[in-house]
Amino acid sequence: MTISFSSFPTTNDYSGYNQPHHPHNVSEDVYMDLDEGHNQPDGSRPTWPGEVLTSSQDYMRGHGTYVDDEEVIASVAGTIERVNKLVTVRAIRSRYNAEVGDLVVGRITEVQPRRWKVDANGRQDAVLMLSSVNLPGGVQRRKLESDELQMRNFFEEGDLLVAEVQGFFSDGAMSLHTRSLRYGKLRNGQLVTAPPILVRRLKTHFIVLPCGVDLILGLNGYIWVSKHVKASEQEGEEGFDAEGVYSNVNDDIDETTRTAISRVSNIVRILASHFVPLTDTLLTEAYDWTVDQESGVKNLLTEDFGDALVTSLVSRS
Amino acid sequence: MGSRVEILNEGGYRSDGRRQFELRDITINLAQQGQADGSAIITHGLTQVLVSVFGPREGKLRSQAIHDRANINVEVNVAAFSTGERRRRGRGDKRILEIGATIKSTFEPVVQTALYPRTQIDVYVTVLQQDGGLLQACINGTTLALINAGIPMLDFVCAVTGGVHSTSPMLDLTTLEENDVPHVTVAMMPKTGKVALVTMETRLHVDRFEEIFRLAGEAGKVLHREMKGAVMGRTSTLVNAMGSQQSVDKDGDEQMME
């Protein structure tokens, strides 16, 4: 007796599933010979939930694994990483796993007593305490009871902000802070999302592109593309005022800047859909390439154009 | 038998030309669908199901949150055009609610929910085409979508429907066969061989049960190979897409050093 697949005619041609179908009567497992042959260039090899990785006697289990019957077993689909005796599996796609000190972009979802809830693409909403924001009227000012009553003057539901991960609560929710002049409410731009794994840790996540566009690469995959603000116009320690930092009004943005913002946003979307990690050099190259092609901003999102862009960026390396 | 169609003819073929133990053709598409964290479209013959997974994320209702683990919320939606006879089923349809509850109870012990306290994992199942084996397609699709979303699971869950025509067992039934033949859906975890779900709505002789149960378990292993192949293909594609750019990054760093 054998169990096999019928050759039922299929009309669908899916690109996401390129594996050949099983020939009849293949008994042994064709995917088990992964040890050497399928290694990726960077030494990590892909795995799937339920694959036995190693013995728990010799190795420690890390994230993305579990131990059953003295064996370390993968629990997510991703790549195996090994540091000395610690075996972890990094999921290829997942929500954002926060670490202390990460820069994130988020959106206020709720205003609660003395705290805001922020959607930062994490497993739970992040918390921004009233005591971890800069209040108008000086950095050193203490929070007053009146501040608690007018929290919506600072951040309202739907507002976007850039913040840093300060720590974690016992249930795993992250706590944010905006106690730096670089952090705070976002305006003059547009939000684009990408898978968090594509945003690598960089020296700086505030990127100024030569085309007059500022970019904030949040490690949670939220990316803010906005009009360039000159460093001198950003409020200094002395001139810190509520109007500037908590303002809800956009500045005037001229036509060329608007086009540039849309262009950069579309490039980020293309790179994200092709699963290309985002870096400042790559984005600049991509921007120049699209300008050279003399195409309109909306043509960027056609499939052919996106493929051509990614191919040219890869071949340039 | 009193049925109009012949379920299994003398040559040993079924109404759609398959042998007794032949499964229908399967296609798996793990491409990104909209804003979902993970999604999968799975086709068993003419049955097609789209599953989208969101989460783990903050629950909509605080009352639903469980303090020490994630809550799995399954919603099933059957498209009006999915059956031969056009029929709209509401959200409150008992039959659809039952499929949702079955999927939820199948996956609760398999997903490592304890890692994500106070969160919610939303599973939205959309049935696009129906031709028998609806529950197996829903379960297989949910497995793939959860894996695609990077949610930790102990193992795959592979489901197959089996039935018995007089004394001959058959696998992966179509609607035509399901109407005439007593059938069982078995969901199993291939690594350990544990059974996550057995469900039967018809009457089946106890002597026949053991055979069909064992066969369905073996068919599950065959399905596991297909599903694993699709997951590995998707993972490798994404890893390669990320890897092809790494040389560019290094060049960039070197230039900055100079």
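Here the structure is a predicted model, which is why all the values come from computation and not from measurement.

The rules behind these values
Every chain is numbered independently, its residues counted from 1 as its sequence is written. Chain letters and ligand numbers both follow the written order, the letters beginning at A and the numbers at 1. Thresholds applied to this predicted model are a pLDDT of at least 70 for local features of residues and 80 or more for the giving and counting of side-chain atom pairs; totals over whole chains, interfaces and linings are not thresholded and use all residues. Values reported for side chains reflect all heavy atoms of the structure, with hydrogen atoms and water molecules removed beforehand. Going along the chain from the N terminus, every DSSP run of H or I of four or more residues is numbered as a helix, and every run of E of two or more is numbered as a strand. Accessible area is worked out with a 1.4 Å probe on protein chains only. A residue is then buried under 20% of its type maximum, exposed over 50%, and partly exposed in between. The contact criterion used throughout is that any non-hydrogen atoms of two residues lie within 4.5 Å. With residues, only the protein chains shown are counted as cover, and all accessible areas are computed by Shrake-Rupley using a 1.4 Å probe. The positive count covers Lys and Arg only, the negative count covers Asp and Glu only, and His and the chain ends enter neither. By convention, the charge on Lys lies at NZ, on Arg at CZ, on Asp at CG and on Glu at CD. Any two strands with at least two DSSP bridges between them are considered paired. Orientation is described by lines fitted to C-alpha atoms, with helices fitted over the stretch in contact, and by angles between N-to-C directions that extend from 0 to 180 degrees. A cavity here means a set of 1 Å grid points, computed over protein atoms only, where a 1.4 Å probe fits but cannot escape. A pocket is an open set with protein on both sides within 12 Å along at least 5 of 7 lines, and lining residues have an atom within 4 Å of a point. Grid points are joined across faces, edges and corners, and a volume is the space filled by probe spheres set on the points. The classification used treats Ala, Val, Leu, Ile, Met, Phe, Trp, Tyr, Cys and Pro as nonpolar, Asp, Glu, Lys and Arg as charged, and all other residues, Gly among them, as polar. Each salt bridge in this description consists of a side-chain nitrogen of Lys or Arg and a carboxyl oxygen of Asp or Glu lying within 4 Å of one another. Pairs were defined over the aromatic rings of Phe, Tyr and Trp, the Trp ring being its six-membered one, requiring ring centres within 6.5 Å. Orientation was assigned from the angle between planes: stacked under 30 degrees, edge-to-face over 60, tilted for the rest. As a reminder, the over-ring test applies to NZ of lysine and CZ of arginine, requiring each to be within 6 Å of the ring centre and within 35 degrees of the ring normal. A helix is expected to reach a length of 1.5 Å times the quantity of its residues less one. Throughout, the arc means that of the directions going from the helix axis to the C-beta atoms.

K.L.:
Looking at this structure, I do not really get the overall build of chain B. What am I missing?
P.N.:
Secondary structure summary: chain B contains five helices and 10 strands in total. Based on the C-alpha atoms only, the size of chain B along its principal axes is roughly 85 × 45 × 40 Å. Residues classed as buried in chain B amount to 57% of the 258 residues present. If you take every contact in chain B between residues at least 6 apart in sequence, the share linking residues at least 24 apart comes to 68%. Accessible surface, chain B as shown: approximately 11200 Å² in total, 49% of it carbon and sulfur. With 28 positive and 31 negative side-chain charges, chain B shows a spacing of 6 Å between the two charge centroids.

K.L.:
Would you explain unusual backbone geometry in this entry?
P.N.:
The general pattern is negative phi for most residues beyond glycine and trans for most peptide bonds. Cis geometry is adopted by the peptide bond preceding B:P56, which originates at B:G55 and carries an omega value of 5°. Tracing the chain through its elements places B:P56 in strand β4 (residues 47-58). One non-glycine residue, A:N121, lies in positive phi territory at about 65°. Positionally, A:N121 belongs in the loop between β10 (115-119) and β11 (126-133). On the basis of relative accessible area, A:N121 is assigned to the buried category, the value being 11%.

K.L.:
I tried to follow the sheet that holds strand β5 (residues 71-78) of chain B on my own but got confused; where do I start?
P.N.:
Hydrogen bonds between backbone groups are what pair the strands of a sheet, and the pairing can be parallel or antiparallel. All names here are of chain B. The five strands are arranged β2-β3-β4-β6-β5 in an open sheet whose pairing can be described as mixed. Each end of this open sheet is capped by a strand with a single partner; those strands are β2 (26-29) and β5. In this sheet, adjacent strand axes meet at a mean angle of 15° when their direction is disregarded. One ladder, built from seven bridges, connects strand β3 (residues 38-44) with β4; its direction is antiparallel. Bridge assignment links H44 to a residue of β4, and that residue is T47. Docked against the sheet, helix α1 (residues 94-107) engages β5 and β6 (119-129), running at close to 145° with respect to β5. Its contacts with the sheet place helix α4 (residues 206-243) against β2 and β3, and it is angled at close to 30° to β2.

K.L.:
Would you take a moment to explain empty space enclosed by the protein for this structure?
P.N.:
Space left empty within the atom packing is revealed by a probe, the size of a water molecule, rolled over the atoms. According to the stated counting rule, one finds two cavities of 30 Å³ or more in the structure shown. Lining the largest cavity are A:A77, A:I92, B:L30, B:I147, B:N148, B:V231, B:R234, B:T235 and B:L238. If you list the elements that add at least two residues to the lining of the largest cavity, you get α2 (134-148) and α4 of chain B. Element by element, the count of residues in the lining of the largest cavity is highest for α4(B), at four residues. Tallied by class, residues from the lining of the largest cavity come to six nonpolar, two polar and one charged.

K.L.:
What exactly am I supposed to notice about the pattern of salt bridges here?
P.N.:
Side-chain pairs of opposite charge can arise whenever the charged atoms involved come near each other. Inspection of the entire model under this criterion finds 22 salt bridges over all chains. Between B:R14 and B:E177 there is a salt bridge, with its nearest N and O atoms 2.9 Å apart. In this pair, B:R14 is assigned in the segment before β1 (22-23) and B:E177 in helix α3 (residues 175-180), connecting sequence segments 163 residues apart. As far as the burial class goes, B:R14 and B:E177 line up, both buried. One network of salt bridges, with partners in common, ties together A:E110, A:K117, B:E58 and B:R62.

K.L.:
How should the packing of aromatic side chains be read in this particular structure?
P.N.:
The geometry of two aromatic rings is summed up by the distance between their centres and the angle between their planes. All names here are of chain A. A complete count under the given rule lists seven aromatic pairs over all chains for this structure. Plain terms: the ring middles of F154 and Y246 are 5.2 Å apart, the flat faces sit at 45° to each other, and that makes the pair tilted. Taken together, the residues span a long stretch of sequence, with F154 in helix α2 (residues 151-154) and Y246 in the loop between α3 (242-245) and α4 (255-273) at a distance of 92 residues. Put simply, the rings of W116, F154, F155 and Y246 touch in pairs and so form one group of aromatic residues. The residue whose ring lies beneath R82 is Y59, and the NZ or CZ to ring-centre distance is 4.8 Å. We note K85 situated over the ring of Y59; from NZ or CZ to the ring centre the distance is 4.9 Å.

K.L.:
What exactly am I supposed to notice about the sheet that holds strand β2 (residues 46-47) of chain A here?
P.N.:
Residue and element names in this part refer to chain A. Pairing within the open sheet is mixed, and its four strands lie in the order β2-β7-β8-β4. Whereas interior strands pair on both sides, the edge strands pair on one side only; in this sheet they are β2 and β4 (60-61). Of the pairings in the sheet, the one linking β4 to strand β8 (residues 86-91) comprises two bridges and is parallel in character. Paired with R61 across the strands is V87, a residue of β8.

K.L.:
Could you clarify how one ought to interpret helix α6 (residues 303-316) of chain A in this entry?
P.N.:
Residues and elements named next belong to chain A. Compared with an ideal rise of 1.5 Å per residue, which puts 14 residues at 20 Å, α6 spans 20 Å between its outermost C-alpha atoms and is within 8% of the ideal. Those residues of α6 lying buried are F305, G306, L309, V310, S312 and L313. Down the axis of α6, the buried set is contained in an arc of 160°. They therefore lie on one face. Seen from the buried face of α6, the exposed residues on the opposite side, beyond 90 degrees, are E303, D304, T311 and S315.

K.L.:
Is there a simple way to explain the pairing of strand β9 (residues 183-189) of chain B in this structure?
P.N.:
The side chains of a regular strand alternate, residue by residue, between the two faces of the sheet. Residues and elements named next belong to chain B. Of all the seven residues making up β9, seven are buried; the element is thus mostly covered by neighbouring parts of the structure. Alignment of strand β7 (residues 158-165) against β9, held across six bridges, turns out to be antiparallel. Bridge pairing in β9 places C158 opposite M188. Looking at chain direction, β9 and strand β10 (residues 194-200) are connected through six bridges and run antiparallel. Among the inter-strand pairings, A187 is bridged to a residue of β10, identified as L197. Between the end of β9 and the start of β10, which pair antiparallel, lie four residues, with G193 showing a positive phi angle near 80°.

K.L.:
I tried to follow the side chain of B:N148 on my own but got confused; where do I start?
P.N.:
Positionally, B:N148 belongs in helix α2. Relative accessible area serves as the criterion here: at 9%, B:N148 is assigned to the buried category. Those residues in contact with B:N148 that lie beyond four places of it in its chain are A:R93, B:L30, B:D37, B:G38, B:S39 and B:R234.

K.L.:
Is there a simple way to explain the pairing of β10(A) in this structure?
P.N.:
Residues and elements named next belong to chain A. With five bridges joining them, strand β9 (residues 103-112) and β10 adopt antiparallel strand pairing. In the sheet register, Q112 faces β10, and the bridge partner there is R115. Count of turn residues in the β9/β10 antiparallel hairpin: two residues, of which R114 carries a positive phi of about 60°. As judged from the four bridges shared by β10 and β11, these two strands associate in the antiparallel manner. Looking at β11, one finds that K117 is bridged to V127. Here β10 hands over to β11 after six residues, with N121 in that stretch at a positive phi of 65°.

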